[in-house]
Amino acid sequence: MRKIIIDCDPGHDDMMAIMLAAASGNVNLLGITTVAGNQTGDKTFTNALKVVTLIGENIPVARGCDKPLVRELVTAPQFHGQTGLDGADLPSAVINPAAEHACDFIISTARQNGTITLVPTGPLTNIALALTKDPGIKNNIERIVLMGGGMHDSNVTPAAEFNIYVDPEAAKIVFNSGIPITMVGLDVTNRAIMTPGEIEDLNKPGGRVSGVVVPLLQFFAKANKDIFDLPGAPLHDALAVASVIAPEVIKTKHRRVDIEVSGELTRGMTLVDIYGVTGKTPNADVALELDNKLFISMMSSAVHTLDSRAAEGK
Ligand code: RIB
Ligand code: CA
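Reference entry: report on the structure contained in this document. (Residues numbered from 1 in each chain as written. Chains lettered and ligands numbered in written order. Predicted model: local features only at pLDDT ≥ 70, side-chain atom pairs only at ≥ 80, totals over all residues. Heavy atoms only, no water.)

### Notes on the site of ligand 1
Short version of the rule: Distances are taken per atom, and a residue is near a molecule or strand as soon as one of its heavy atoms is within 4 Å of it. Counted as a polar contact is a pair of N or O atoms within 3.5 Å, where, for protein atoms, one must be capable of donating a hydrogen and the other of accepting one, and residues adjacent in sequence contribute only when both atoms are in side chains. Computed with a 1.4 Å probe, the accessible areas rest on the Shrake-Rupley method; for each residue, only the protein chains presented here act as cover. The secondary structure listing takes helices from DSSP runs of H or I that are at least 4 residues long and strands from runs of E that are at least 2 residues long, numbered from the N terminus. Basically, the charged four are Asp, Glu, Lys and Arg, the nonpolar ten are Ala, Val, Leu, Ile, Met, Phe, Trp, Tyr, Cys and Pro, and anything else, Gly included, counts as polar.
Lining the immediate environment of ligand 1, one finds Asp9, Asp13, Asp14, Asn38, Thr121, Met147, Asn155, Glu161, Phe162, Asn163, His236 and Asp237. Side-chain polar atom of aspartate 237 to an oxygen atom of ligand 1: 2.5 Å apart, as the coordinates give it. When ligand 1 sits alone it has 280 Å² of accessible area, and the protein chains cover 96% of it. Every element with two or more residues in the shell around ligand 1 is listed here: α1 (12–23), α6 (162–166) and α11 (236–245). Within the shell around ligand 1, the residues separate by chemical class into two nonpolar, five polar and five charged.

Structure follows, in structure tokens:
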């Protein structure tokens with residue numbers, strides 16, 4: 001069973017990523033680390049604590065960086081609201097957060113667990129910091145499966161995807177780390193859509209988890225419809241977790257990916273060398289196809305599993 005840490009900025013789709021991992025019997029979610037991104041660091045941390053409380057799990061949550069390595073923070077309230085999880089009220093957090101900084105939690109957990117998989121679903125600030133503080137943990141990280149970037153798709157500028165755009169210097173450190181990377185970018189995650197009908201079908205009478213997830217996803221779907229005319233809620237981050245649980249949910253190509261850090265118009269662009277014209281060594285498995293039917297079924301099953309666990313008081 002793959003041992004994973006999710007590094008996230010909840011965020012509606014980050015929440016779904018956490019839920020999928022927690023519900024799955026195929027991954028061991030060792031912990032959650034949070035980073036500023038969709039909202040400020042205090043809000044993403046609080047949101048992660050609330051999500052873990054909602055699903056009744058006792059997963060360690062460690063707070064990380066409140067800003068990118070060198071740039072000012074850019075947030076995304078237009079998609080996630082002022083709280084970062086607008087659309088429904090989650091229960092107040094009752095779990096005790098981890099005492100360590102996220103960066104130290106990643107280092108200690110990696111060293112204690114032999115080999116782990118990191119699943120970053122926000123800006124890569126914490127990951128870059130951990131790799132810089134303790135380069136030796138590269139021997140403990142078998143793969144980084146990240147939601148970020150895009151070969152032909154973008155969302156925050158015409159050139160870049162949000163997670164990479166917010167902290168391109170961190171992304172450059174991660175993509176140049178030598179650790180095997182799976183890049184789950186917008187080319188597939190903008191097609192990892194849960195439609196309004198599929199969201200509605202999550203509803204289960206008295207469902208503790210689905211009762212909150214449905215209005216949250218309806219909020220997120222409306223924001224994405226209004227801004228990008230998407231036909232539902234793109235569960236970007238959950239697809240990264242899904243690809244760890246069921247690798248067949250995506251198809252990838254092993255390519256060279258470089259990060260633009262100095263471009264005035266192209267900051268944060270993930271340049272995917274699809275034809276190998278640079279002659280550089282490929283450093284990532286880039287997701288270009290997905291099985292959305294399988295993905296949505298995984299998401300629906302996860303929510304129903306968490307509803308059942310809550311009902312049984314597990
Ligand atoms: O571009 C999509 C990514 O940015 C997702 O991780 C979403 O949660 C936001 O962080
Ligand atoms: Ca995210």
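### As for the side chain of asparagine 224
By secondary structure assignment, the location of asparagine 224 is in helix α10 (residues 210–228). A polar atom in the side chain of asparagine 224 sits 2.8 Å from the backbone oxygen of phenylalanine 220.

### Some details on the pairing of strand β4 (residues 116–120)
To be explicit about the condition: Partly exposed describes any residue whose relative accessible area lies between the buried limit of under 20% and the exposed limit of over 50%, with all areas from a 1.4 Å probe on protein chains only and scaled to the type maximum. For two strands to be treated as a pair, DSSP must find at least two bridges joining them. For a crossover, the right-handed case is the one in which the path from the first strand over the helix to the second runs clockwise, viewed with the strands pointing away from the viewer.
For β4, the buried fraction is high: five of the five residues fall into the buried class. Across four bridges, the pairing between strand β1 (residues 2–8) and β4 is parallel. Looking at the pairing, isoleucine 4 lines up with threonine 117 of β4. By the bridge criterion, three bridges tie β4 to strand β5 (residues 141–147) in an arrangement that is parallel. Within β5, the position partnered with threonine 117 by the bridge is arginine 143. Taken together, β4, helix α5 (residues 125–133) and β5 form a β-α-β motif whose crossover is right-handed.

### Topic: the nonpolar core
Rule in force here: What we call a nonpolar core is a set of buried Ala, Val, Leu, Ile, Met, Phe, Trp, Tyr and Cys residues that are connected through their side-chain atoms within 4.5 Å. Any two residues whose heavy atoms approach within 4.5 Å at even a single point are treated as in contact.
Of all hydrophobic cores here, the largest spans 72 residues; its most connected members are Met16, Met19, Leu239 and Phe295. At nine residues, α1 tops the list of elements feeding residues into this core. In contact with methionine 19, not counting residues within four places along its chain, are Val51, Leu54, Ile55, Val209, Val213, Ala302 and Leu306. In terms of nonpolar packing, the next biggest core, distinct from the first, is built from 35 residues, Phe105, Ile106, Ile259 and Ala284 among them.

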